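# Structure at a glance
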Amino acid sequence: MKKILAPLPYENWGGLHTMISSTHYGLQKKGFSLIPVIPPDAKAVIKRFNSQKIFSCKKDLSRIRKSWNLFLHFRFLIGIFIDINELGKIIKTKKIDIIQVSGLQNFHFAIAAKIFKCSLVWQIHSDALPYILRSMLLPIAKLLSNNIMVNGKEIKKKFKGLKSYPTKKIFYFYPGINTKDYLFTNFQIKKAKKLLSIKKNDIVIGTIGNQGYAKRHDRIIAVIKKLKLQKNLRFIILGGTLKSNQAYYKKEVLDVAENLGFLKSKKLQIINPKDKVLNYLPAFNIFILTSEYEGLPISLIEAMSSGLPVITTDAGSIKSAIQNNKGGFVVSATKFNLNLFSRLLINLAKNTKKRKIYGSKNKLIVKKRYTLKRLIETHINSYKNALK
């Protein structure tokens, strides 16, 4: 059994954790064991991994913070040396074969791989990293990695230095799901709508994503304000809180929604679903993403597999899954057009036939391109290549 160590210094469950939990069993059957490293105080993450019988190491690892606080950055620089030493202990004790690094910003994990003579697979998941940091850190990834996994070809375009990296050492990976989990019955739909207090003729517009700036849920508030006269529209945000983004979220999302009366009237519900997303998703009629930064989010693939039409920004590799008039509509992430987004949304809300057509197309796209089998095979190919 080859062992892959995957450091994840994040307190909240997200797409990286979902990818490990969904691929773990399939990889294990093929001789690869994924071992995540997570913070000791990430209780919910630990609980979910434990429930799936996924062994994890508990260590506080440092990471770059999006902040002007110099003390945080100084603490990160000091923490680099501690982290390398701590990962070295795990590598020796667990006899690790491969280090899987998620994000260029976690370069110190890659240094640990080289110092302690492990193969290195570096994953680039999104376009969130500022251009200057991409330019500084990508050469390190190219130099140290056995191969680089990229979350879609659209993401590769945003890391221009990858043009000179050997093609045979780049592995494109996309979210993969078990589509059978998203074949909702009428009973599940009714139960979800009851849970959310949705009336018979309401149209439910929902999104899934943690409460961070990258998801730009403040744009959803602006859309609701624009469409407030549409009485039958109900908006749902499913996502956990992020400590590092709490100030932004309170000021730009929660306080604004509260002041406009959206929360009290239940025009908008913001829910932390924890591991119960499938209790709410069947109630959705339309799925939206207002993100400024993304990779190819698994929530989008889940929504498409559920037979939902989608209106989204073009962040990350999203355009590889959704194109205009083919499953939904795509608008600019960086030059977000509120009027266009709102108009597309209201037109789709009023057109039941178009929603069904787009939803059916999306189901077929997921079955063809975004299977769990394909995701697992891509990881296996990357690992085998790294071990050569």
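From a predicted model like this one, the values you see are computed outputs, not experimental measurements. (Residues numbered from 1 in each chain as written. Predicted model: local features only at pLDDT ≥ 70, side-chain atom pairs only at ≥ 80, totals over all residues. Heavy atoms only, no water.)

## Section: the overall build of the protein chain
Within the protein chain one finds 14 helices and 14 strands. Every one of the 388 residues in the protein chain was classed for burial, and the buried ones make up 54%. Taking contacts inside the protein chain between residues at least 6 apart in sequence as the whole, the part at least 24 apart equals 70%. Looking at the protein chain as shown, the accessible area adds up to about 18,900 Å², and 55% of this sits on carbon and sulfur atoms. Between the averaged position of the 71 positive side-chain charges in the protein chain and that of its 20 negative side-chain charges there is a distance of 7 Å. (Helix = DSSP H or I, 4+ residues; strand = E, 2+ residues; numbered from the N terminus. Buried < 20%, exposed > 50% of the residue type's maximum accessible area, 1.4 Å probe, protein only. Contact = heavy atoms within 4.5 Å. Areas by Shrake-Rupley, 256 points an atom, 1.4 Å probe, with all protein chains shown as cover. Lys, Arg positive; Asp, Glu negative; His and termini not counted. Charge placed at Lys NZ, Arg CZ, Asp CG, Glu CD.)

## Some details on the sheet that holds strand β4 (residues 98-102)
Taken together, the seven strands give an open sheet; going across it, the order is β3-β2-β1-β4-β5-β6-β7, and neighbouring strands pair in parallel fashion. Two strands close off the open sheet at either side, each with one partner strand: β3 (57-58) and β7 (170-172). Lying on the sheet, helix α5 (residues 131-144) is in contact with β5 (119-124) and β6 (147-150); it crosses β5 at an angle near 145°. (Pairing = 2+ DSSP bridges. Axes fitted to C-alpha atoms, helices over the stretch in contact; angles between N-to-C directions.)

## Some thoughts on the pattern of salt bridges
Taken as a whole and assessed by the stated rule, the structure comprises eleven salt bridges. For the salt bridge of Glu292 with Arg219, the shortest nitrogen-to-oxygen distance reads 3.8 Å. Residue Glu292 is found in the loop between β11 (286-289) and α11 (298-305), and its partner Arg219 is found in helix α8 (residues 217-226); the two are separated by 73 residues along the sequence. (Salt bridge = Lys/Arg side-chain N within 4 Å of Asp/Glu carboxyl O.)

## A word on the packing of aromatic side chains
Inspection of the entire model under this criterion finds eight aromatic pairs. Ring geometry for Trp13 versus Phe49: centroids 5.1 Å apart, planes at 50°, classification tilted. Pair noted here: Trp13 is in the loop between β1 (2-7) and α1 (15-29) and Phe49 is in helix α2 (residues 43-51), with a separation of 36 residues, a long-range link. With a centroid separation of 6.3 Å and an interplanar angle of 70°, the aromatic rings of Tyr182 and Phe184 are classed as edge-to-face. For Tyr182, a relative accessible area of 7% gives the class buried. Residue classification places Phe184 among the buried positions, given a relative accessible area of 18%. Chaining the aromatic ring pairs together yields one cluster made of Tyr213, Tyr248 and Tyr249. Across the ring face of Phe159, the terminal group of Arg134 is positioned such that the distance to the ring centre comes to 5.2 Å. The side chain of Lys153 reaches across the aromatic face of Tyr172, ending 5.6 Å from its centre. (Phe/Tyr/Trp six-rings, centres within 6.5 Å; stacked < 30°, edge-to-face > 60°. Lys NZ or Arg CZ within 6 Å of the ring centre and 35° of its normal.)

## Thoughts on the packing of helix α12 (residues 338-350) against helix α13 (residues 352-369)
One way to put it is that α12 packs onto α13 with a least axis distance of 5 Å and a crossing angle of 100°. Relative to α13, the element α12 is oriented roughly perpendicular. Contacts from Leu348, Ala349 and Lys350 in α12 reach Thr352, Lys354, Arg355 and Tyr358 in α13. (Parallel < 35°, antiparallel > 145°, perpendicular 65-115°, else oblique.)

## Observations concerning the sheet that holds strand β13 (residues 323-324)
Within the open sheet, the seven strands sit side by side as β10-β9-β8-β11-β12-β14-β13. Their pairing is parallel. Here the strands that pair on one side only, and so sit at the sheet edges, are β10 (268-271) and β13. In the sheet, β13 pairs with strand β14 (residues 327-331) via two bridges, with the strands oriented parallel. Directly across from Gln323, in β14, lies its bridge partner Gly327.

## As for the pairing of strand β9 (residues 233-238)
In terms of burial, β9 is largely enclosed, as six of its six residues are buried. Here β9 shows two buried faces, one formed by Leu233, Phe235 and Ile237 and the other by Arg234, Ile236 and Leu238. Strand direction decides the pairing type here: strand β8 (residues 203-208) and β9, joined by six bridges, are parallel. Looking across to β9, one finds that Ile208 is bridged to Leu238.

## Observations regarding the packing of α8 against α12
Running from N to C, α8 and α12 cross one another at 65°; their axes reach a closest spacing of 10 Å. Relative to α12, α8 is oriented so that their crossing is right-handed. Contacts from Ala222, Val223 and Lys226 in α8 reach Leu338, Asn339, Phe341, Ser342 and Leu345 in α12. Of the residues that constitute the contact of α8 with α12, the class distribution is five nonpolar, two polar and one charged. (Left-handed = near helix turned anticlockwise from the far one by under 90°. Nonpolar A, V, L, I, M, F, W, Y, C, P; charged D, E, K, R; others polar.)

## Things to note about the side chain of Thr18
Considering the arrangement of structural elements, one finds Thr18 in helix α1. Ignoring sequence-local partners within four residues, the contact set of Thr18 consists of Trp13 and Ile298.

## Comments concerning a positive patch on the surface
Together, Lys29, Lys30, Lys373 and Lys384 make up a region of like positive charge exposed at the surface. The exposure class assigned to Lys29 is exposed, which follows from its relative accessible area of 61%. (Patch = residues over 30% accessible without salt bridge, like charges linked within 9 Å, V, L, I, M, F, W, Y side chains within 5 Å.)

## Focus: a nonpolar patch on the surface
A surface patch of nonpolar side chains, amounting to about 310 Å² of accessible area, comprises Phe74, Ile78 and Ile82. Secondary-structure assignment places Phe74 in helix α3 (residues 70-94).

## Concerning the environment of Thr23
With respect to the helices, strands and loops of the structure, Thr23 is situated in helix α1. In contact with Thr23, not counting residues within four places along its chain, are Leu34, Leu372, Leu375 and Ile376. In terms of polar contacts, Thr23 uses its side chain to reach the backbone carbonyl oxygen of Met19, at 2.7 Å. (Polar contact = N/O pair within 3.5 Å; in protein donor to acceptor, adjacent residues only side chain to side chain.)

## Re α5
Compared with the 20 Å implied by 1.5 Å per residue over 14 residues, the 20 Å span of α5 between its first and last C-alpha is a close match. A bend of about 30° at Leu137 is the largest found in α5, and the proline Pro139 appears one to four places after it. The complete set of buried residues in α5 reads Arg134, Leu137, Leu138, Ala141 and Leu144. (Expected span 1.5 Å × (residues − 1). Bend = angle between axes of the 7 residues up to and from the residue.)

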